Amino acid sequence: EAELIARRDSVLGSSYRLQYRQPVHFVRGEGMWLYDPDGRAYLDFYNNVPSLGHCHPEVNAAMAEQAGRISANTRYLEPKLVDYAERLIDTFPDELNRVVFTCTGSESNDLALRIARLVSGNEGVIVSSYAYHGTSAAVAAVSPNLGDAVKLSPSVRMVSLPGPEGVPEAQAADFFEAQIRAAIQDLKRRGIGVAALLFDSIFSSDGVWVDPLGFIAGGVNAVREAGGLIIADEVQPGFGRTGDHMWGFERHGIVPDLVTLGKPMGNGFPIGAVVGRKTPMELFGRTARYSNTFAGNTVGIATADAVLTILQRDHILQNALAMGQRLRNGLEELAHRSPGIRGIRNAGLFFGVDIGLAGEPPASWRAMALNVVNAMREDGVLISTTGANEDSLKVRPPLICQAEHVDLFLASMERALLAS
Ligand code: PMP
């Protein structure tokens, strides 16, 4: 193992990081479980890409069947591409009725920014203070989570969220709107107009801030008044993770101009999309050129089509909602028994669980959260951390998870809290 790590370090770029103090090697996945070379099973409560479970046989069969016939690109007539586009659009509010495919969430956000900048004629982008939106130079520059990248861009403004600032829920909407208005003014003072508000509606990198419902609506209006577009980054909340809705923005009662998709769309196959209103999408299509070699190829489309079929047929959202509630109840009981839990937030099966002892310094919270993550890994359960101080557990199991998995998770977390 040490030898493999050394070889890794000598050939891979240094931005690669291994998870866990004791790194782990998986050779097989099935449903909720990942297996190491010794056959030890690990319960996956972390990976949101395979939201229908690892190596879903029907998804894999659809992918293999199409790969065995043809992998065609979008320049040829292909009924499957149109069928899937129609089915995908049917899951959105009526106003959102055009789609362009991509290969990753980063590409989706990159394209959405291009569209917003072209349509608005402006450059400015507003994001939350610890957001992550992807890897390309343009989206790295709107991802404060990455550190310095955002500081380099004069046209980007960060807004604080009410939750991490401790603003009471009743004042959350006003607080958020005031932040947005100040950001717009600050851009304006430097002669920069606002192109977009780009946000992930559950603010996953900021630490999973899901409530209060509707708190972003006033800020959304302020951006529209200033001529900017609204981009909902649904890479994390989309495709039913929140249980109550297919798309996270729906929880807040708003309809964005552009919506970006990725991660679970192909249950592991790299496929993403931008779904948008007709006017900006057509203006962009007429004025700019966009072609993407791999995006929308028939193998990706066949895979994504199988994912959507299963998501709808197997009532995956209802399951996410029910299991999310069971996990929430269990965590609340655990918080009564154990002093190490300071807060629990969730929408469906996406949880942020604040770790640490009240009254202790935040550095100790972060250390404790890291200890819990590593203790659970030793115990055979996979999770990670999130938030600006990395002191919240990030818990987002595949959406097919069942009561028995939730109960195994809770028992493991209780052991880890005791040991940390
Ligand atoms: N947006 C959000 C909210 C994300 O969490 C991520 C990935 N973690 C991305 C965009 C980028 O997606 P990808 O890694 O597929 O490019």
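The shown structure was predicted, so the numbers you read here are calculated from the model rather than taken from an experiment.

About the thresholds
- Residues numbered from 1 in each chain as written.
- Predicted model: local features only at pLDDT ≥ 70, side-chain atom pairs only at ≥ 80, totals over all residues.
- Pairing = 2+ DSSP bridges.
- Helix = DSSP H or I, 4+ residues; strand = E, 2+ residues; numbered from the N terminus.
- Axes fitted to C-alpha atoms, helices over the stretch in contact; angles between N-to-C directions.
- Parallel < 35°, antiparallel > 145°, perpendicular 65-115°, else oblique.
- Left-handed = near helix turned anticlockwise from the far one by under 90°.
- Contact = placed C-beta atoms within 7 Å.
- Nonpolar A, V, L, I, M, F, W, Y, C, P; charged D, E, K, R; others polar.
- Near = placed C-beta within 6 Å.
- Buried ≥ 20, exposed ≤ 12 C-beta atoms within 10 Å, placed from the backbone.
- Arc of directions from axis to C-beta.
- Domains from an automatic or database assignment.

Attention shifts here to the sheet that holds strand β3 (residues 41-44). The strand order across the open sheet formed by four strands is β1-β2-β3-β13, and the pairing between neighbours is mixed. Looking at the sheet topology across the chains shown, the edges are occupied by β1 (28-30) and β13 (381-382). Here β1 pairs with strand β2 (residues 33-35) via three bridges, running antiparallel. If you follow Gly29 over to β2, its bridge partner there is Leu34.

Turning our eyes to something else, we now look at the packing of helix α2 (residues 57-69) against helix α9 (residues 298-313). Axis separation between α2 and α9 bottoms out at 8 Å; the angle between their running directions is 155°. On the basis of their axis angle, the class for α2 and α9 is roughly antiparallel. Of the two elements, α2 crosses α9, and the hand of that crossing is right-handed. On the side of α2, the interface is formed by Glu58, Val59, Ala62, Met63, Gln66 and Ala67, while α9 contributes Thr298, Val299, Ala302, Thr303, Asp305, Ala306, Val307 and Ile310. Of the residues contributing to the contact of α2 with α9, the split by class is nine nonpolar, three polar and two charged.

With that out of the way, let us pick up the site of the ligand. Around the ligand lies a shell of 15 residues, among which Thr104, Gly105, Ser106, Gly134 and Val235 are the nearest. Considering every element that reaches the shell around the ligand, the biggest residue donor is helix α4 (residues 105-120), with three residues. Across the shell around the ligand, the residue classes tally to two nonpolar, 10 polar and three charged.

Okay, the sheet that holds strand β9 (residues 258-261) next. Sheet strands line up and pair through hydrogen bonds in the backbone, either parallel or antiparallel. Read from one edge to the other, the open sheet built from seven strands follows the order β4-β10-β9-β8-β7-β5-β6, with strand pairing classed as mixed. If you trace the sheet from one side to the other, it starts and ends with β4 (96-102) and β6 (156-159), each paired once. The sheet shows a mean angle of 20° between the axes of neighbouring strands, direction not considered. Seen against the sheet, helix α3 (residues 79-89) touches β4 and β10 (272-277) and runs at an angle of roughly 130° to β4. Along the sheet, helix α7 (residues 217-225) makes contact with β5 (124-128), β7 (194-199) and β8 (229-233), crossing β7 at roughly 160°.

This next bit is on the pairing of β9. The side-chain alternation of β9 yields two buried faces, one formed by Leu258 and Thr260 and the other by Val259 and Leu261. When β8 meets β9, the two strands line up parallel, connected through three bridges. By the bridge assignment for β9, Asp233 is matched with Thr260. Where β9 meets β10, four bridges bridge the pair, whose relative direction is antiparallel. Each bridged residue has a counterpart across the sheet, and for Leu261 the counterpart in β10 is Ala273.

This part is about the packing of helix α6 (residues 169-189) against α7. The packing of two helices is summarised by the inter-axis angle and the distance between the axes. Here α6 crosses α7 at 25°, and the two axes come no closer than 7 Å. The angle between the axes of α6 and α7 places the two elements in the roughly parallel class. Crossing hand, α6 versus α7: right-handed. When α6 is examined against α7, the residues Ala173, Phe176, Glu177, Ile180, Arg181 and Ile184 are found in contact with a partner set consisting of Ala217, Gly218, Gly219, Ala222 and Val223. Along the lines of polarity and charge, the residues of the contact of α6 with α7 split into seven nonpolar, two polar and two charged.

Now for α3. Taken together, the buried positions of α3 are occupied by Leu81, Tyr84 and Leu88. Down the axis of α3, the sector holding all buried residues measures 70°, keeping them to one side. Within α3, the exposed residues directed more than 90 degrees away from the buried face are Pro79, Val82, Asp83 and Glu86. Residues of α3 that are buried make contact with β4, β10 and α9.

The next thing to look at is the pairing of β4. Burial analysis of β4 places five of its seven residues in the buried class, which makes it a mostly covered element. Bridge count between β4 and β10: six bridges; the pairing is antiparallel. Within the sheet, the bridge partner assigned to Arg98 lies in β10 and is Gly276.

Moving on, we come to the domain arrangement of the chain. Under the domain assignment used here, the chain contains domain 1 (2-55 + 315-419) and domain 2 (57-313). Using C-alpha coordinates to define each centre, domain 1 is positioned 25 Å away from domain 2. Facing the 25 residues of domain 1 at the interface are 30 residues of domain 2. Listing elements by their share of the side of domain 1 that touches domain 2, those giving two or more residues are α10 (316-337), β11 (341-347) and β12 (350-355). Top element by residues in the side of domain 1 that touches domain 2 is α10. It accounts for five residues. When its residues are assigned to classes, the side of domain 1 that touches domain 2 shows 14 nonpolar, nine polar and two charged.

Turning our eyes to something else, we now look at the environment of Thr135. Examined against the element boundaries, Thr135 turns out to sit in the loop between β5 and α5 (137-140). Along the backbone, Thr135 and Val307 are 172 residues apart, and their C-alpha atoms lie at a distance of 25 Å. Apart from residues lying up to four places away in sequence, Thr135 is in contact with Ser106 and Ala140.

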